[in-house]
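Residues per chain, in single letters:
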Amino acid sequence: MFEELVQTPVRVPRTKPDVKPVEDPVTPLTRRISEIHLHESPKQTSKLHWAPKKDASIVVDEAEVLDFTELKVDSPLSRKTTPIPEEVPAKQIPILKDKVKIQRRDELEQKKAKPTTRTTRSSLNPEKRTSPTADASSLRVLTWNDVCPPGDQIVKIAEASSAEVYRVTNKRGTSIIKAIRLPSPIKALTKTQVASGLVDEEPHSESDVNNELQISEWLSDIPGFAVYKERYIVQGKTTRELLETHQAVQKKMKREDPGRAQYYPSPSRYLDDTKFLVVELGDAGKSLENWELDSADQLWDIFLLEAIALARAEEVAMFEHRDLHEGNLCIKQARPPRKRPPTAEGFFGYSGLEITILDYGLSRAEDLSNDDAAPIVYDLERDLSLFTSTYNPQCKVYRQMRSFLLRAERDWLPPEAHHVPYAKGIDGPLSWDVYAPYTNVLWLAYTYEYLVDNFQGGKRELAKFTKETAELWKYLNPDAPKDVPSFGCAADVACFALEAGWIGQEELLGASASIIDHHREDSIIVAQADVEASPRRSRRRRGSGS
């Protein structure tokens with residue numbers, strides 16, 4: 001998208017005296033991360049161009065500029081991660097095909113000129129798995145009683161931009177399910193409900209749903225993104241368990257935020273023909289907004305795992321999440337925490353946490369193995385209330401993103417400046433098709449601020465963390481002074497962490513290790529008719545033998 005090569009802030013790696021440098025497999029990877037940060041999207045409807053400005057905040061290393069036009073910006077809107085081993089012998093460190101790196105534009109074109117086969121969990125087991133983008137007519141149709149019959153547990157854990165998110169637990173295991181309402185009948189709001197401020201989330205078209213599922217498939221083998229299990233249609237009225245967890249969440253939200261509107265219809269309004277597309281994912285734990293942050297080790301791991309996952313997604317699919325607030329980032333205690341030795345150089349991997357990035361409803365990505373493929377993009381201009389609202393903290397990030405696309409500056413426009421759809425920017429009408437991985441940096445900045453503001457551990461521990469990361473925040477901060485350089489993408493942040501010594505090379509590969517060889521996760525949802533059939537056959541067998 002951008003016709004330039006930028007140089008973002010980097011730190012000199014920490015070195016030990018009298019140790020001879022060794023060219024290990026990760027060094028070329030690290031070098032490539034820092035070489036390029038923004039490159040052109042091969043399939044886009046509009047491009048951004050801007051002239052150099054004196055008060056640049058994204059600066060260019062003149063020695064690195066080849067035939068690119070200089071960019072300068074003033075000042076600026078579920079998959080388990082692989083366990084990190086404590087010790088990994090150097091000879092066992094693999095070089096992954098989807099390792100963290102950002103390629104030069106010519107390398108990218110060469111890659112796209114030679115289509116490659118994308119290895120995914122579904123392709124490994126085609127006879128046992130429904131593709132995320134399979135035709136809806138081929139999906140099994142279940143009821144809410146099938147999803148959570150009496151005796152099983154269902155808990156609502158989040159409300160995403162396009163779906164309600166639940167955790168389902170039964171004797172077969174635990175899954176996260178995303179319920180996306182499809183165009184179908186639903187009981188009308190009563191006058192009392194309208195007067196109370198209830199607003200229905202609009203149903204989603206099949207194309208919107210399929211776009212999100214396609215992105216999910218592309219990212220399915222990146223640790224930190226959701227593990228896809230299956231999808232199916234759920235049709236019919238609610239169950240008592242579903243209604244109770246919905247009501248419990250609404251009461252909790254009202255206590256914490258009395259002015260908050262309810263956007264998703266109450267399950268009490270579901271009719272016989274009310275339909276949902278339900279996507280079943282691996283257990284992702286709790287959303288960040290419901291996680292108690294009580295140690296600095298958690299702050300380090302949550303932030304760095306998010307940065308690494310986004311960096312790899314940028315490389316694999318030119319991915320921008322564009323909606324990565326605390327409700328779309330899940331945390332799970334995968335291993336017991338370890339005490340960090342006083343002499344340890346790094347800060348990564350001691351909390352035992354894993355993250356899962358959810359909800360790609362507003363995201364942007366593309367298939368780099370297909371030279372003719374257009375990017376999958378949700379057009380955020382369809383709902384300008386995202387940018388004009390001041391109710392939720394993340395609305396600021398939506399404005400920062402849109403302002404950057406309009407002006408190519410870190411300075412962001414106020415809510416009243418976002419009332420015109422497809423407003424004219426620096427190079428024509430605004431288009432969300434363009435690849436601007438700086439949006440990932442904006443959401444990393446949002447996560448950093450959330451972690452610091454919601455830390456419940458000791459004040460000294462927090463002060464030590466903020467002091468250690470002061471230089472990171474200097475370049476991450478969207479409100480930094482105009483003369484301060486800025487990260488251009490998530491890979492820049494991951495590279496900075498590596499060069500700062502916060503994460504080791506072995507740990508980086510451990511956090512990025514492929515999970516293709518891990519066991520496949522099956523759906524835990526079974527139609528009740530199938531469950532009841534087996535006992536009846538068994539009883540007949542016993543009766544026939546008497």
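About the thresholds
- Residues numbered from 1 in each chain as written.
- Predicted model: local features only at pLDDT ≥ 70, side-chain atom pairs only at ≥ 80, totals over all residues.
- Heavy atoms only, no water.
- Helix = DSSP H or I, 4+ residues; strand = E, 2+ residues; numbered from the N terminus.
- Buried < 20%, exposed > 50% of the residue type's maximum accessible area, 1.4 Å probe, protein only.
- Pairing = 2+ DSSP bridges.
- Contact = heavy atoms within 4.5 Å.
- Axes fitted to C-alpha atoms, helices over the stretch in contact; angles between N-to-C directions.
- Expected span 1.5 Å × (residues − 1).
- Core = buried A, V, L, I, M, F, W, Y, C linked by side-chain atoms within 4.5 Å.
- Domains from an automatic or database assignment.

- The name recorded for the protein in an unreviewed UniProt entry is non-specific serine/threonine protein kinase, from Trichoderma citrinoviride.

1. With respect to unusual backbone geometry
Thought 1: Phi is positive for Arg322, which is not a glycine, with a value near 70°.
Thought 2: With respect to the element layout, Arg322 can be found in the loop between helix 8 (296-317) and strand 8 (329-333).
Thought 3: Looking at Arg322, the relative accessible area reads 0%, which means it is buried.
Thought 4: We note that Asp359 has phi near 65°; this positive angle belongs to a residue other than glycine.
Thought 5: Take Asp359: its relative accessible area is 2%, and that puts it in the buried class.

2. A word on the sheet that holds strand 5 (residues 228-235)
Thought 1: The strand order 1-5-6-4-3-2 describes an open sheet built from six strands, whose pairing is mixed. Lying at the two open borders of the sheet, with one neighbouring strand each, are strand 1 (141-142) and strand 2 (153-159).
Thought 2: The sheet contact formed by strand 4 (residues 173-181) and strand 6 (residues 275-282) spans seven bridges and is antiparallel. Residue pairing across strands places Arg181 opposite Phe276, the latter belonging to strand 6.
Thought 3: The strands touched by helix 6 (residues 206-218) within the sheet are strand 4, strand 5 and strand 6, with strand 6 carrying the most contacts at an inclination of about 5°.
Thought 4: Against the sheet, helix 7 (residues 240-256) contacts strand 2 and strand 3 (164-170), and its axis sits at roughly 40° relative to strand 2.

3. Considering helix 7
Thought 1: For helix 7, which comprises 17 residues, the first-to-last C-alpha distance of 24 Å matches the rise-based estimate of 24 Å (1.5 Å per residue) to within 8%.
Thought 2: Considered for burial, the residues of helix 7 that qualify are Glu241, Leu242, Leu243, Thr245, His246, Val249, Gln250 and Met253.
Thought 3: On its buried face, helix 7 is in contact with helix 4 (144-147), strand 2 and strand 3.

4. Brief notes about the side chain of His418
Thought 1: The topology assignment puts His418 in the loop between helix 10 (395-407) and strand 12 (424-425).
Thought 2: Classification of His418 by relative accessible area gives buried; the value is 0%.
Thought 3: Dropping the residues within four chain positions of it, His418 is found in contact with Leu384, Phe387, Thr388, Arg399, Arg402, Ser403 and Leu413.

5. A look at the pairing of strand 9 (residues 353-357)
Thought 1: The element strand 9 is largely enclosed, with a buried count of five among its five residues.
Thought 2: Neither face of strand 9 is left uncovered, since the one carrying Leu353, Ile355 and Ile357 and the one carrying Glu354 and Thr356 both have all their residues buried.
Thought 3: Relative to strand 9, strand 8 is paired through five bridges, and the arrangement is antiparallel. Across the sheet, Ile331 pairs through a bridge with Ile355, a residue of strand 9.

6. Topic: the nonpolar core
Thought 1: By size, the foremost hydrophobic cluster in this structure holds 107 residues, and its most contacted members are Phe225, Phe303, Phe319, Ile357 and Leu476.
Thought 2: Sorting elements by how many residues they give to this core places helix 8 first, with 14 residues.
Thought 3: Formed jointly, this core draws a minimum of three residues from each of two domains, domain 1 (138-283) and domain 2 (286-378 + 432-522).
Thought 4: Those residues in contact with Phe303 that lie beyond four places of it in its chain are Leu444, Tyr448, Leu451, Leu472, Leu476 and Val493.
Thought 5: Listed in part, the 18 residues of the second largest apolar core include Leu142, Trp144, Ile154 and Ile525.

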